[in-house]
Amino acid sequence: MINLENLAVYQQRINDYLKAQLANIEVNDQRLYDAMAYGLLIGGKRMRPYLAYATAEMLDLELDDIDPIAAAIECIHAYSLLHDDLPAMDDDDLRRGQLTCHKKFDEATAILAGDSLQTLAFEILSNHQFKSISAQSHIQLFKMLSNAAGYNGMCGGQAMDLAATDKHVALEQLQFIHKLKTGALLKASILMPALCREDLSTETFNNLKQFAEDIGLAYQVHDDIIDITSNEETLGKPAGSDLESNKSTYPALLGLEGAMEKEQQLFKQALSTLDTLPYNTRNLSNFSTFIIERAH
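Report follows, based on the coordinates. Just so it is clear, the structure is predicted and the values come from calculations on it, not from any experiment.

1. What about the overall build of the protein?
Working step 1: Check the secondary structure of the protein and you find 15 helices and two strands.
Working step 2: For 296 residues, the compact-globule estimate of 2.2 N^0.38 gives 19 Å, and the protein sits close to it at 18 Å.
Working step 3: The principal-axis extent of the C-alpha atoms belonging to the protein is close to 50 × 50 × 35 Å.
Working step 4: Taken over 296 residues, the protein has a buried fraction of 54%.

Here it is, written out as structure tokens:
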């Protein structure tokens, strides 16, 4: 499998930054605080922060101004996992090989920890004094993150995904669900840093948007594939959980071979779009390869 350049460096950077943000919180309820830290720091590949930093490096941006963006996105991602794992949603006992938050603590604490991580995302973004962007661009960052996380993004996609359980949905509808559920936050990981390059051309911004949409969908297709081709030890959670829950997935709709073909189509489209950018896109290209080769 391809190794992502600077992945370990970016992982360490975002982990240190997140720990520092948690350390700044005045602790009122120790159990809730511990659940927040557990949900945010127990692991993960930090793919969204990687995308944010890789995009920033490509656009020659100051990484100090990307730290709060990467952290805010990761807080949103972490909160979504805490809530996704709840009995009312996916009802999972394991996440990244460890007990899910509601199993480690309890359901009420897991819900509140997710709520707290969601609001922490916007607190981090609001408290940072950006060095190189205007107040208007700062506002646009909030707009993009809230849109990616909310009704027209991740939450709306999750609702539609739950509604599609035990039902047959058309390919177009499945793609729309995952464009919101998974793709919206991945897209924000690329476009929020792009907003910090205020002289970026509209054409380049739109091409980055197209790349983000294709690779975000490919990410979800691959998740669906490895859910049935990998094992619990590798995934860090039960394999085949989507199949057992009768969820709408690409292998269920297209067959495993068809899902793999769909993944390759999206991968090639993403690389083709990268070729149009007037920058060194090696890290984003490597990421594209990484996500369709990963085992978990």
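2. Side note on the nonpolar core
Generally speaking, soluble globular proteins have nonpolar side chains that are buried together.
Working step 1: Counting residues in hydrophobic clusters, the biggest one holds 89 residues, and the most contacted among them are Ile 66, Ile 69, Leu 141, Leu 208 and Phe 287.
Working step 2: At ten residues, the largest contribution of residues to this core is made by helix H4 (residues 67-84).
Working step 3: Residues contacting Leu 141, with those up to four places away along its chain left out, are Ile 69, Leu 125, Phe 130, Ile 133, Met 192, Leu 195 and Cys 196.

3. Digging into unusual backbone geometry
Negative phi values dominate among residues other than glycine, just as trans dominates among peptide bonds.
Working step 1: One non-glycine residue, Arg 46, lies in positive phi territory at about 60°.
Working step 2: Inspection of the secondary structure assignment puts Arg 46 in the loop between helix H2 (30-41) and helix H3 (47-58).
Working step 3: A positive phi is found at Asp 91, a non-glycine position, where the angle reads about 55°.
Working step 4: Among the structural elements, Asp 91 can be located in the loop between H4 and strand E1 (94-95).
Working step 5: Taking the relative accessible area as the measure of exposure, Asp 91 reaches 45% and is therefore partly exposed.

4. Let's talk about the pattern of salt bridges
Working step 1: In the structure shown here, the tally under the stated rule is eleven salt bridges.
Working step 2: The salt bridge partner of Glu 74 is Arg 46, with a shortest N-O separation of 2.7 Å. Here Glu 74, found in helix H4, pairs with Arg 46, found in the loop between H2 and H3; they are 28 residues apart in sequence, far enough to count as distant.
Working step 3: The class of Arg 46 is buried, set by a relative accessible area of 5%.

5. Regarding empty space enclosed by the protein
Working step 1: This model, assessed by the stated rule, comprises one cavity of 30 Å³ or more.
Working step 2: In this structure, the largest cavity spans a volume of roughly 80 Å³.
Working step 3: Around the largest cavity sit Tyr 38, Gly 39, Ile 42, Leu 81, Leu 82, Asp 85, Arg 95, Arg 96, Leu 99, Thr 100 and Cys 101, which together line it.
Working step 4: Mapped by element, the contributors of at least two residues to the lining of the largest cavity are H2 and H4.
Working step 5: Looking at the lining of the largest cavity residue by residue, the class counts come to six nonpolar, two polar and three charged.

Each value, and the rule that gives it
Residues numbered from 1 in each chain as written. Predicted model: local features only at pLDDT ≥ 70, side-chain atom pairs only at ≥ 80, totals over all residues. Heavy atoms only, no water. Helix = DSSP H or I, 4+ residues; strand = E, 2+ residues; numbered from the N terminus. Rg over C-alpha atoms; globule rule 2.2 N^0.38 Å. Buried < 20%, exposed > 50% of the residue type's maximum accessible area, 1.4 Å probe, protein only. Core = buried A, V, L, I, M, F, W, Y, C linked by side-chain atoms within 4.5 Å. Contact = heavy atoms within 4.5 Å. Salt bridge = Lys/Arg side-chain N within 4 Å of Asp/Glu carboxyl O. 1 Å grid on protein atoms, 1.4 Å probe; cavity = no way out; pocket = protein on both sides within 12 Å on 5 of 7 lines; lining within 4 Å. Points joined across faces, edges and corners; volume = space filled by probe spheres on them. Nonpolar A, V, L, I, M, F, W, Y, C, P; charged D, E, K, R; others polar.

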